[in-house]
Amino acid sequence: MMSKLLMIFVCISFFLPLKSQSKDFFEGGTLTGNLDIKAQYYLKDSVIGAPDVPEKVLSNGSAEIQYRLKNFTTGMRYEYYLNPMIGTQAEYKGDGIANYYATYANEQFEITLGNFYEQFGSGLIFRTYRDPALGLDNSLRGALIKYMPLDGLTLKALMGKQRYYWEYKDNLVRGVDADFSLNDGLCFLKNSKLQVALGASFISKHQEQSLHIVGTNKINFPENVAATAGRASLRYDKFSLEGEYAYKINDPSALNGYLFRPGQALLLTGTYSKKGLGIMLVGKRVDNMSFKSDNQQQSTMLNLNYLPSTTRQHAYALPAIYPCETQANGEMAFQADVTYTIPRGSAMGGKYGAEVRVNYSRVNSIERNWRPDAQEGTYGYDSPFLKVGKERYYQDFNVELTKKLNRSTKASMSYINLWYNKSVLLVKPNEPNVKANVLIGDLTYNIDNKKSVRMEAQHLWTKQDEGNWAYLSAEYTIAPNWFFSVSDMYNYGVSNEHYYSFVGAYTMGASRIQLGYGRTRAGLDCSGGVCLYKPATNGFNIAISSTF
């Protein structure tokens, strides 16, 4: 492992000097890249459940290089997991070239061979992306073609096999997409205040199947499963309305109980924006929309689609204890977000003004009327499209006030009221629902043009789950190079344990090195409605990143 780390450090020292000459590298071409290294020395901590790690040091990392010359772009990414850090899937163990591609692009065409990431619409039937923090990479390896025959019209076609850790599944994915901006493509709408865009998508997967025995039932799985979606966007003055509807034919899988019921999803977003006021309303319905290239896969890998969360993604530590994961088998969700700027000179705005943000979201089940013959291999149930189910999964009401107190000081206060269904969202049957309240205070003081201090205090109280939590943190920044922080998350409801953290970081140009020590609690780590459970850890850590 140390030889791998040494090799990457050599790469850093070699490529950083190229930054100033990369524009002229290889006779007019441009070389760019990035490096990301993380490692931790683990300490056993039976009190919080941190495991004993025989290797003591575990590390993840990647190095990506991209070269551009006129219309051509090529690149590759080296990844290593030696051995995978706690919280990273064990199947990643190893190292190698995980991603490589070549692209040719001109004004009308763009052709990519190799690995690629792409999204159709909002992703309801297709989105490939990489999230290293969650260990997710569902890229396709194959061919992607984009064609722009006229202004405002973009056509896409793709075919490939999906990444599964270090392998690529034999199951073939094919798709086409069309996106048309009417105002750019139709001359009589070029100067119209009404902006209109339309889109349509189609994706299919092929998986060789044979007769399967599930329980006592014989099931003939479909070898080809297709999904289609249509979308529209309307914008007029201060208003906008966007919507997408997706439909997936029967796709029996391990995640839906091997039901042959088709899947559906609807996402609607409306906004109103003017100076000092922003309003956003979001509605979503999902029914049986887990869509993977392998119907036996139950982990977060091999997702073909992306079902965005319609709840606020909390960045603060304590409300993030209870994240909301999108329920692909069925949910109805609603979110409202209002941001208002209090004018300067008013009683509440004062000299510098203030901003208030109010957010509310709720997620419920869908209504299901189970058929008498419901079991593996059948249609399963009927569901009225607009009827909200009786079971509540999640609810969040939060208010945030941000105000600049003087030239040097900015403060914010937040109140959050959470309702959390542990039986569904944490898959812990018979656990009581959590009702929690959170108060947060955040203060930033700029000592001078380079030095600043940020302090944060949070308190969560609940009678369920682990009881009450308190959180304190302080950060000191010396721009543009130094950063220091110390924090402690303390549970005084049940375990009475401290989860402390000490971090120091140095930044030089586009490179950063960070050293730290601390404890992390076990729980879900989520991003955009996709979650991965990570166990507790204790130890020293280092993170190095650089771009050139």
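Whatever comes next refers back to the structure up there.
In this report, the structure presented in the accompanying data block is examined. (Residues numbered from 1 in each chain as written. Predicted model: local features only at pLDDT ≥ 70, side-chain atom pairs only at ≥ 80, totals over all residues. Heavy atoms only, no water.)

## Re the overall build of the protein
Within the protein, the regular secondary structure consists of three helices and 32 strands. Referenced to the eigenvectors of the C-alpha coordinate spread, the extents of the protein come out at roughly 65 × 65 × 65 Å. In the protein, buried positions account for 44% of the 548 residues. Considering only intrachain contacts with a sequence separation of at least 6, the fraction spanning at least 24 residues in the protein is 58%. Accessible area of the protein: about 27,000 Å², with a carbon and sulfur share of 58%. Charge-centre separation for the protein: the mean point of 58 positive side chains lies 6 Å from the mean point of 50 negative side chains. (Helix = DSSP H or I, 4+ residues; strand = E, 2+ residues; numbered from the N terminus. Buried < 20%, exposed > 50% of the residue type's maximum accessible area, 1.4 Å probe, protein only. Contact = heavy atoms within 4.5 Å. Areas by Shrake-Rupley, 256 points an atom, 1.4 Å probe, with all protein chains shown as cover. Lys, Arg positive; Asp, Glu negative; His and termini not counted. Charge placed at Lys NZ, Arg CZ, Asp CG, Glu CD.)

## What to know about the pairing of strand S22 (residues 388–404)
Here twelve bridges tie strand S19 (residues 354–366) to S22, and the two strands are oriented antiparallel to one another. The partner of Tyr360 across the bridge, within S22, is Phe397. In terms of strand pairing, S22 meets strand S23 (residues 409–420) through eleven bridges, oriented antiparallel. Directly across from Val399, in S23, lies its bridge partner Tyr415. Joining the antiparallel neighbours S22 and S23 is a turn of four residues. (Pairing = 2+ DSSP bridges.)

## A closer look at the side chain of Ser204
When you line up the elements, Ser204 lands in strand S11 (residues 194–206). Residues within four places of Ser204 in sequence aside, it is in contact with Leu172, Val173, Arg174, Val225 and Ala226.

## Regarding the state of the cysteines
Here the structure, examined in full by the defined rule, presents one disulfide. No disulfide involves Cys324; its nearest neighbouring cysteine sulfur is the one of Cys531, lying 7.9 Å away. Exposure remark for Cys324: the relative accessible area of 8% places this residue in the buried category. (Disulfide = S-S within 2.5 Å.)

## Structural notes on the environment of Asn364
Mapped onto the elements, Asn364 comes out in strand S19. The class for Asn364 is buried, based on a relative accessible area of 6%. Sequence separation between Asn364 and Phe334 is 30 residues, and the spatial gap between their C-alpha atoms is 9.0 Å. Apart from residues lying up to four places away in sequence, Asn364 is in contact with Glu331, Met332, Val388, Gly389, Lys390, Glu391, Arg392 and Tyr393. Engagement of the side chain of Asn364 in a polar contact is seen with the side chain of Arg362, the distance being 2.9 Å. (Polar contact = N/O pair within 3.5 Å; in protein donor to acceptor, adjacent residues only side chain to side chain.)

## What to know about the pattern of salt bridges
Evaluation of the coordinates by the stated rule reveals 34 salt bridges. The shortest N-O distance in the salt bridge between Arg77 and Glu64 comes to 3.8 Å. In this pair, Arg77 is assigned in strand S3 (residues 72–81) and Glu64 in strand S2 (residues 57–69), connecting sequence segments 13 residues apart. Of the residues examined, Arg77 reaches a relative accessible area of 3% and is grouped as buried. Of the charged contacts in the structure, one is a salt bridge between Lys422 and Asp465, with a shortest N-O distance of 2.6 Å. Residue Lys422 is found in helix H3 (residues 422–425), and its partner Asp465 is found in the loop between strand S25 (451–462) and strand S26 (469–478); the two are separated by 43 residues along the sequence. (Salt bridge = Lys/Arg side-chain N within 4 Å of Asp/Glu carboxyl O.)

## A short note on the packing of aromatic side chains
For the structure shown, the criterion picks out 22 aromatic pairs. Here Phe221 and Tyr258 contribute two aromatic rings whose centre-to-centre distance is 5.7 Å and whose plane-to-plane angle is 65°, an arrangement assigned as edge-to-face. Taken together, the residues Phe221 in the loop between strand S13 (217–220) and strand S14 (224–236) and Tyr258 in the loop between strand S15 (239–248) and strand S16 (263–274) connect sequence positions 37 residues apart. Relative accessible area serves as the criterion here: at 7%, Phe221 is assigned to the buried category. The buried category is assigned to Tyr258, whose relative accessible area is 14%. Here the aromatic rings of Trp469 and Tyr499 are separated by 5.9 Å at their centres, their planes lie at 40°, and the arrangement is tilted. (Phe/Tyr/Trp six-rings, centres within 6.5 Å; stacked < 30°, edge-to-face > 60°.)

## Section: unusual backbone geometry
Between Leu82 and the following residue, Asn83, the backbone shows a cis peptide bond with an omega angle of -25°. For Asn83, the location among the structural elements is in the loop between S3 and strand S4 (94–105). Between Ala479 and Pro480 the backbone carries a cis peptide bond, its omega angle lying at 0°. Within the fold, Pro480 resides in the loop between S26 and strand S27 (482–491). For Asp237, which is not a glycine, the phi torsion comes out positive at approximately 55°. Turning to its location among the elements, Asp237 is positioned in the loop between S14 and S15.

## Some remarks on the nonpolar core
Core analysis: the largest hydrophobic core is formed by 25 residues, its most contacted members being Leu318, Tyr322, Tyr394, Leu460 and Trp469. At four residues, strand S24 (residues 434–446) tops the list of elements feeding residues into this core. Sequence-distant contacts of Trp469, defined by excluding residues within four places in its chain, comprise Leu318, Ile321, Gln458, His459, Leu460, Met489, Tyr490, Asn491, Tyr492, Tyr499 and Arg521. Ranked by size, the runner-up nonpolar core spans 22 residues in total, among them Leu144, Leu158, Met289 and Leu307. (Core = buried A, V, L, I, M, F, W, Y, C linked by side-chain atoms within 4.5 Å.)

## With respect to a nonpolar patch on the surface
A surface patch of nonpolar side chains, amounting to about 460 Å² of accessible area, comprises Phe109, Ile111, Leu113, Ile145, Tyr147 and Leu155. Those elements that provide at least two residues to the nonpolar patch are strand S5 (109–116) and strand S8 (140–150). When residues in the nonpolar patch are grouped by element, the largest group, three residues, is from S5. When you line up the elements, Leu155 lands in strand S9 (residues 153–164). Its relative accessible area of 31% is what places Leu155 among the partly exposed residues. (Patch = residues over 30% accessible without salt bridge, like charges linked within 9 Å, V, L, I, M, F, W, Y side chains within 5 Å.)

Honestly, that's just the spatial picture; any functional story needs more than this.
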